[in-house]
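These are the residues of each chain, in order.
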Amino acid sequence: MSTRGSTRGVVYVHSSPSAVCPHVEWAISGTLGARVNLKWTAQPASPGQLRAECGWRAPAGSGARLASALKAWPMIRFEVTEEPSAGVDGERFCFAPGLGLWHGRTSANGDIVVGEDQLRALVAMTRGGESLAHKLDELLAASWDEALEPYRHAGDGAPVTWLHQVG
């Protein structure tokens with residue numbers, strides 16, 4: 001068990017084939033150490049796919065472990081958020097087929113935080129305005145937001161399951 005403080009977050013599985021849903025539940029359960037029974041509903045943005053979401057409370061860093069476990073299924077779309085906690089930045093992970101996994105730090109209000117070193121490296125490796133704009137879009141997850149947005153809206157009003165790590 002981690003000695004880091006507890007935090008909370010949300011796992012959004014935006015789309016999954018029905019055959020993969022039990023594996024997603026097992027991955028979340030194994031990561032959090034608590035049995036998960038998600039309420040799967042149809043995903044209107046992708047007929048034949050299902051969606052679910054669950055809130056969680058666990059040690060800081062659990063968001064990264066959840067994202068790592070879920071990316072084992074490259075056909076699903078998901079997001080994992082972790083709220084900031086004492087001495088630890090918040091995090092957001094996005095996964096979309098064809099794009100892979102994106103990770104960024106987040107502020108208390110959920111904005112993506114781009115660090116000074118990231119900006120310095122970006123400026124050093126890009127010279128043109130369009131290239132700089134493209135790299136900034138990558139840092140801010142623009143492609144992932146574009147790919148996931150239709151799935152996010154299709155989930156408005158869907159039920160949320162809250163999970164708490166045990167032990």
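Look up: the structure comes first, before these words.
Structure report, in brief. (Residues numbered from 1 in each chain as written. Predicted model: local features only at pLDDT ≥ 70, side-chain atom pairs only at ≥ 80, totals over all residues. Heavy atoms only, no water.)

### Quick word on the overall build of the protein
As a reminder, the rule being used: Runs of H or I in DSSP of at least four residues are treated as helices and runs of E of at least two as strands, each being numbered from the N terminus. Surface accessibility in these figures is a Shrake-Rupley result with a 1.4 Å probe; residues are shielded only by whichever protein chains are displayed.
Summing up its helical and strand segments, the protein has five helices and eight strands in all. Order of helices (α) and strands (β) in the protein, N terminus to C terminus: β-α-β-β-α-β-β-β-β-α-α-α-β. For the protein, the exposed area adds up to about 8,600 Å²; of that, 55% sits on carbon and sulfur atoms.

### A few points about the pattern of salt bridges
The test is simple: Salt bridges, as used here, are contacts in which a Lys or Arg side-chain nitrogen is within 4 Å of a carboxyl oxygen on Asp or Glu. The cut-offs for exposure are 20% and 50% of the maximum accessible area for each residue type, with area from a 1.4 Å probe on protein chains only; residues under the lower value are buried, those over the upper are exposed, and the others partly exposed.
The tally for this structure, following the rule as stated, stands at ten salt bridges. One salt bridge connects Arg-120 with Glu-116, and the closest N-O pair in it is separated by 2.7 Å. Note that Arg-120 and Glu-116 are positioned in helix α3 (residues 116–125) at a spacing of four residues, about one turn of the helix. In this structure, Arg-120 and Glu-116 share a single accessibility class: exposed. A salt bridge links Arg-152 to Glu-149; the nearest nitrogen and oxygen atoms lie 2.7 Å apart. Of this pair, Arg-152 and Glu-149 both sit in helix α5 (residues 142–154), three residues apart, which is roughly one turn of the helix. Salt bridges linked by common partners bring Glu-79, Arg-92, Asp-145, Glu-149 and Arg-152 together as one network.

### Observations concerning the nonpolar core
Note the threshold: Note on terminology: a nonpolar core comprises buried Ala, Val, Leu, Ile, Met, Phe, Trp, Tyr and Cys residues joined through side-chain atoms within 4.5 Å.
If you look at the biggest cluster of nonpolar residues, it comprises 24 residues, and the most contacted ones within it are Val-11, Val-24, Ile-28, Leu-70 and Val-80. Of all elements in the fold, only β1 (6–17), α1 (21–32), β3 (49–59), α2 (62–70), β4 (77–82) and β5 (90–96) reach the threshold of two or more residues within this core. Per element, the largest residue contribution to this core is five residues, and it comes from α1. By size, the runner-up hydrophobic cluster in this structure holds six residues, among which are Cys-94, Ala-96, Ala-141 and Trp-144.

### Considerations on the pairing of β5
What counts, and what does not: Only strands that DSSP links by at least two bridges are regarded as paired with each other.
Counted residue by residue, β5 has seven buried out of seven residues, so it is predominantly covered. Here β5 shows two buried faces, one formed by Gly-90, Arg-92, Cys-94 and Ala-96 and the other by Glu-91, Phe-93 and Phe-95. Across five bridges, the pairing between β4 and β5 is antiparallel. Residue Glu-82 lies in a different strand from β5, and its bridge partner there is Glu-91. Sheet topology note: the β5/strand β6 (residues 100–106) ladder contains seven bridges and is antiparallel. Bridge assignment links Glu-91 to a residue of β6, and that residue is Arg-105. Remark: three residues form the turn of the hairpin made by β5 and β6, two consecutive strands paired antiparallel; Gly-98 in that turn has positive phi of roughly 85 degrees.

Note that all results are geometric; they support no functional claim without further evidence.
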